[in-house]
Amino acid sequence: MRNSFQARIAAVLIMLLLAVIGALYLAVEAATSVAVRNQAREQLDVGARVFEQLLDMRGRQLHDAAQVLAADFGFKDAVGSGDAATIRSALANHGARINAGIMLLFNLDGGVAVSSEAHVAGVLAERLSAQMTRLHNDGAQVFMLPIHDQIYLLVQATVVAPLPIARLVLGFPIDQSFARELQQLTHLDLTLLGEQDARADIWVSTLEAGDQDEMRREAAQEMFAPDSLLSLYGETYLVQRLVLSEGEGFQVQALLHRSLTRAEAAFAPLGQHTLLISLVALLASLGGALLLARSISQPVRQLARMAERVGQGDYDGQIDLQRRDELGSLANAFVAMQSGLAERERQLAHNALHDPLTGLPNRHLALERLGSAITAERPTALLYLGIGNLRLISESCGPGGADLAIQQMTARLQPLLRPGDSIARIIADEFLLLLENTDSDNAVAIADQVQQLLIKPLQIGIADIAMDCSLGIAVYPDNGTSADELLRRASIAMGDAAKLPGRLQLYQRGRDVAHERQVRLIRDLRRATAHGELLLNFQPKLSLSGCATHQAEALLRWQHPQLGMISPGEFIPLAESTGSIQALTAWVIEEAMRQLREWHDRGLLVQLSLNISTQDLVDPDLPARVRELLVKYQLAADQLTFEITESGVMLNPAVALEVLHGLRACGISLSVDDFGTGYSSLAQLKRMPVQELKIDQSFIRDLSDTSEDAVIVRSTIEMSHSLGLTVVAEGVELESSLRLLQRWHCDTAQGYFISRPLSASAFEAWVASPPVFPATTVS
Amino acid sequence: MSSCSFYIAQVALLVCCLQASSLLAASLQAELVDERGQALENAVISLRGPLDEAASAAPAVMDQLAQQFVPNVLAVRTGAAVSFPNSDNIRHHVYSFSPAKRFELRLYQGTPSEPVVFDKPGVVVLGCNIHDWMVGYVYITDDPRFAVSDAQGVATLASLPAGRYAVTLWHPQTPQMLPQEAAPLTVGTEPIQQRYSLALQGTQAPAATPPASAFGDAFKKALRDAQ
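Residues numbered from 1 in each chain as written. Chains lettered and ligands numbered in written order. Predicted model: local features only at pLDDT ≥ 70, side-chain atom pairs only at ≥ 80, totals over all residues.

## Some remarks on the overall build of chain B
What counts here: In this description a helix means any DSSP run of H or I spanning at least four residues, a strand means any run of E spanning at least two, and both kinds are numbered starting from the N terminus. Three exposure classes are used. Buried residues have 20 or more other C-beta atoms within 10 Å of their own C-beta, exposed residues have 12 or fewer, and partly exposed residues fall in between, all C-beta atoms being placed from the backbone. Contact criterion: two residues are in contact if their C-beta atoms, reconstructed from the backbone, are within 7 Å.
Of regular secondary structure, chain B possesses two helices and 17 strands. Classification of the 227 residues of chain B by burial places 31% in the buried group. The contacts of chain B with a sequence gap of at least 6 include a subset with a gap of at least 24, amounting to 67%.

## A look at the overall build of chain A
Counting secondary structure elements, chain A contains 24 helices and 26 strands. Out of the 779 residues belonging to chain A, those deemed buried represent 34%. Taking all contacts inside chain A whose residues are at least 6 apart in sequence as the whole, residues at least 24 apart take part in 63%.

## Overview of the interface of chain B and chain A
Let me state the cut-off plainly: Gly is placed with the polar residues, together with every amino acid not listed as nonpolar (Ala, Val, Leu, Ile, Met, Phe, Trp, Tyr, Cys and Pro) or charged (Asp, Glu, Lys and Arg).
Facing eight residues of chain B, the contacting portion of chain A comprises nine residues. Of the residues that constitute the side of chain B that touches chain A, the class distribution is five nonpolar, two polar and one charged.

## Focus: unusual backbone geometry
Most peptide bonds take the trans form, and the phi angle of most residues other than glycine is negative. With an omega of 5 degrees, the peptide bond between tyrosine 476 of chain A and proline 477 of chain A qualifies as cis. Inspection of the secondary structure assignment puts proline 477 of chain A in the loop between strand S16 (469-476) and helix H12 (483-498). Cis geometry is found at the peptide bond from valine 70 of chain B to proline 71 of chain B, where omega equals 0 degrees. Unusually for a residue other than glycine, aspartate 674 of chain A sits at a positive phi of about 50 degrees. Along the chain, aspartate 674 of chain A turns up in strand S23 (residues 669-675). If you check the backbone angles, histidine 745 of chain A has positive phi at about 70 degrees while not being a glycine. With respect to the helices and strands, histidine 745 of chain A occurs in the loop between helix H22 (735-743) and strand S26 (748-750).

## Describing the sheet that holds strand S3 (residues 60-61) of chain B
Residues and elements named next belong to chain B. The condition that has to hold: DSSP-based pairing: two strands are paired if at least 2 bridges between them are found.
Read across the open sheet, the three strands follow the order S3-S7-S10; overall the sheet is mixed. Either end of the sheet is taken by a strand with one partner, and the two such strands are S3 and strand S10 (116-118). Where S3 lies against strand S7 (residues 80-83), two bridges are found, and the strand directions are parallel. Bridge pairing in S7 links valine 61 to serine 83.

## Digging into the nonpolar core
Among soluble globular proteins, nonpolar side chains are generally buried collectively. Put simply, the rule reads: By definition, a nonpolar core groups buried Ala, Val, Leu, Ile, Met, Phe, Trp, Tyr and Cys residues that connect through C-beta atoms lying within 7 Å of each other.
Ranked by size, the top nonpolar core spans 109 residues in total, and within it Leu105 and Tyr152 of chain A together with Ile45, Val82, Val138 and Tyr139 of chain B carry the most contacts. By residue number, the principal contributor to this core is helix H1 (residues 5-71) of chain A, which donates eight residues. Excluding residues within four positions of it along the chain, valine 82 of chain B makes contact with Pro59, Ala60, Val61, Met62, Leu74, Val76, Pro115, Val116, Phe118 and Val138 of chain B. Of all hydrophobic cores here, the second largest spans 61 residues; its members include Leu584, Leu596, Leu617 and Leu740 of chain A.

## Regarding the packing of helix H7 (residues 260-311) of chain A against helix H8 (residues 326-353) of chain A
The relative placement of two packed helices is expressed as an angle between their axes plus a distance between the axes. All names here are of chain A. Going by this rule: Where helices are involved, their axes are fitted lines through C-alpha atoms of the stretch in contact, as for all axes, and angles between N-to-C directions lie from 0 to 180°. For classification, angles of less than 35 degrees are called roughly parallel, those exceeding 145 degrees roughly antiparallel, those between 65 and 115 degrees roughly perpendicular, and all remaining angles oblique.
Running from N to C, H7 and H8 cross one another at 5 degrees; their axes reach a closest spacing of 11 Å. Looking at the two axes, H7 sits roughly parallel to H8. Here Ile296, Pro299, Leu303, Met306 and Val310 of H7 come into contact with H8, specifically with Leu327, Leu330, Ala331, Phe334, Gln338 and Leu341. Within the contact of H7 with H8, the residues separate by chemical class into 10 nonpolar, one polar and no charged.

## Quick word on helix H16 (residues 622-633) of chain A
All names here are of chain A. Condition: The span expected for a helix works out to 1.5 Å for each residue beyond the first. What the arc covers is the set of directions going from the helix axis to the C-beta atoms.
End to end, H16 covers 17 Å across 12 residues, agreeing with the expected 16 Å (1.5 Å per residue, within 8%). Those residues of H16 not exposed but buried are Leu622, Val626 and Leu630. Each buried residue of H16 lies within a common arc of 75 degrees when the element is viewed along its axis, so the set occupies one face. Those residues of H16 that are exposed and aimed more than 90 degrees away from the buried face are Ala624, Glu628, Val631 and Lys632. Contacts from the buried residues of H16 go to helix H15 (581-601) and helix H18 (653-666).

## Brief notes about the pairing of strand S11 (residues 122-128) of chain B
Residues and elements named next belong to chain B. Where burial is concerned, most of S11 is hidden: six out of the seven residues are buried. Of the pairings in the sheet, the one linking strand S8 (residues 92-96) to S11 comprises two bridges and is antiparallel in character. Looking across to S11, one finds that tyrosine 95 is bridged to glycine 127. Where S11 and strand S12 (residues 135-141) come together, six bridges link them in antiparallel fashion.

## Quick word on the sheet that holds S11 of chain B
Residues and elements named next belong to chain B. Strand order in this open sheet of five strands is S6-S12-S11-S8-S9, and the pairing throughout is mixed. Single-partner strands in this sheet number two, and they are strand S6 (73-77) and strand S9 (103-108). On average, each strand axis in the sheet is inclined to that of its neighbour by 20 degrees, with strand direction left out of account.

The following block contains the structure:
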């Protein structure tokens, strides 16, 4: 708070104000002081003039009085009498009329004729006389002179009868009352100072007695300069000095005093008022500054708090600033920013949890919702929807077409959703429907509805697209209690469904274990060849046409170190789906050749057929490699037959046919495996350079005379023969089957009835002492 | 006014001439000047000769006319009685504190019954207690022959018997108002013209005219200021 904006504003304002007040106060003080002094000086000047005027007037009055007195006939008579006693008495009498303190009569030659005071004689009389003569010559009529212990105002008049016969001098004592009178008229303190023979021994003053003593001491030290200051007991006086009269051995001065202290005291209320006004202004400004600062800092603090809340992700803060100033617009901007931030964050959150294409929740949100359903223990069904042919759609309609298809699809599904249900896009072609309060039966029903909805083709541009949708269902709590588990199991179910014609599969208990096994197998398969875990088994074939050469099909076996023997039906699809099949095929081809070489070296001639995967047929280098191996093991190519599936050729017919022709050019025989299960056409078959058909075991296993299979098998054999192809029937498990095949002139038979797959050594033993079959015996 | 006083002086001279007509005599025409040669009016010349007869002092008149003493200077022989007629229609209070003759004629109009006898030689300064500016002088001398100069500074003494005369001169402005001795004069039968110079004191004679009233001054001043 101490460093707050509010405090700083207040501090700055107060400092400014203090400075202004201080300057003002000083200025007022200085101006007052100057004014007081000037005023005092003016008063002194005026006072001095008034004083002189008064003195002059007083002197003239006295002079006039003296004139009148001198003109009095009786007085003249007395003076004319020449009798000193008479004159003295006349002087006393007439002087008393005008309150004269001292009366002197001078002869015209300057000598004192008569004096009312006995002590005015000698030097004093001479001085007086000289002074009077000078006065007379100057035409002056008033004069001041210290006589003994008093200062006298002296005036003279000539006694004429009618010619001047004498000079009359009247002296009026200047005493305290005279000084007081002048003080009242001039409002100035007055000190009259008489000096005789360089001794200032006559003082008449209106000052206090103590002040007088003090001033006497001061005066003893220095003469008063004009306009000097005099300090008496804490009171300061401005002093003006007037020399009233001066002569040899005497001087009369008047000192006019103006008390600066008293004059300043008159201004004291001004100072007090200034101080009071300043204080009030200071307090008012302090209050104002605090209010102003508060009116700024409070909204700022409010905004800061709001910003803090925004920083913490709370966008619901309200700000209550009904102001039209900058802070108001700042607050508005703040609110706008807050709502903008909230909107953007909502958008970000939405983007983080939703699929940008469809706007559907993504996997995270789906899992979250599922998690909350689980937490609330609501029975929930997961419908995992996979689109099997999205890649095809993308290829044929372009990526935009695929997106459009997905959007249309999700739009179709929306009406299906009840409140609480949701649909999410997990990855590109996989979706998840979360159906709350749904058990497995209801889930299947809804899944059926989904399938009904999606079976109708989508209109993408001008093309009609049918989606290959597979649905896997997992149900909480039956199929799992964690969201991840449920999602995985639903996904597994979907994967399973994809392999089913109905394209719908409820999760089967343990499928996830199988799935884990698959994952493990896929992982371990890569190193199986290197670790020598693979081996070939050989299933003998029985020639029904009397061919003497030993025939067998080489079958791959995987001896897993922990899981034991893995059937090819399990790991071959995994290898095909993960792309490791080519390595396996290569191993099989080389191992088979090595075995043939070995047998050949021991005089055993065997014709081996190998299974070539679909993906091997898209490898154009295969024929070259086979040729190299044939050279390497010095084998005749006719010892080898490559079994291919119809669908393998379908994948990429051009390349596949090229590869097949290349193999055929090496001398390798080609056989169509699993004939009858695919969709291959006879036209296709005609184009392929094959020499053999292998009828799928599903036709052979339950072969009887009257079954539909019999017709197929029989006509296939006949058709093949017509096309110049030999026919192999696999899966022969019954003697009856073998008989039928023999009757229908099938060329070769293979199956458990003849022999199960054997290891190399067992095969050798089997060859050495072959069992006797009725067919062979028949033939 | 001056012609009037001149007339009176003529009358006085005529009286003197008539008295000396019995003797064979010459006349003296004295020209009285100050140190700068200016003609002096109201100067007195008196002669004392060998053949002075002890004639009694002739009575004289000091008139007050237009608030002035007329004549301004009156020369009389010791013991002369001078009457102080008042020709003004206001009263005067004539006094003298001079040692030669102290007297006082209290406020009066017309001619006081008793003339004042000046029995000691000297100068008597006359004043009026009411009108301070009025100054008159009475010169009292033991000399039998004297005259007062006119406006041209000329004083004439007729019928002077031949002989040697002591000459005394006086004027109100002589120092200390004391008479001054001049060179003796020898008179034959021929008329004499003689020039006499007097040493004077610088002091002015008192104002010979009444001052204007203070009110009149103030009024005139106010008028000037207003213009």
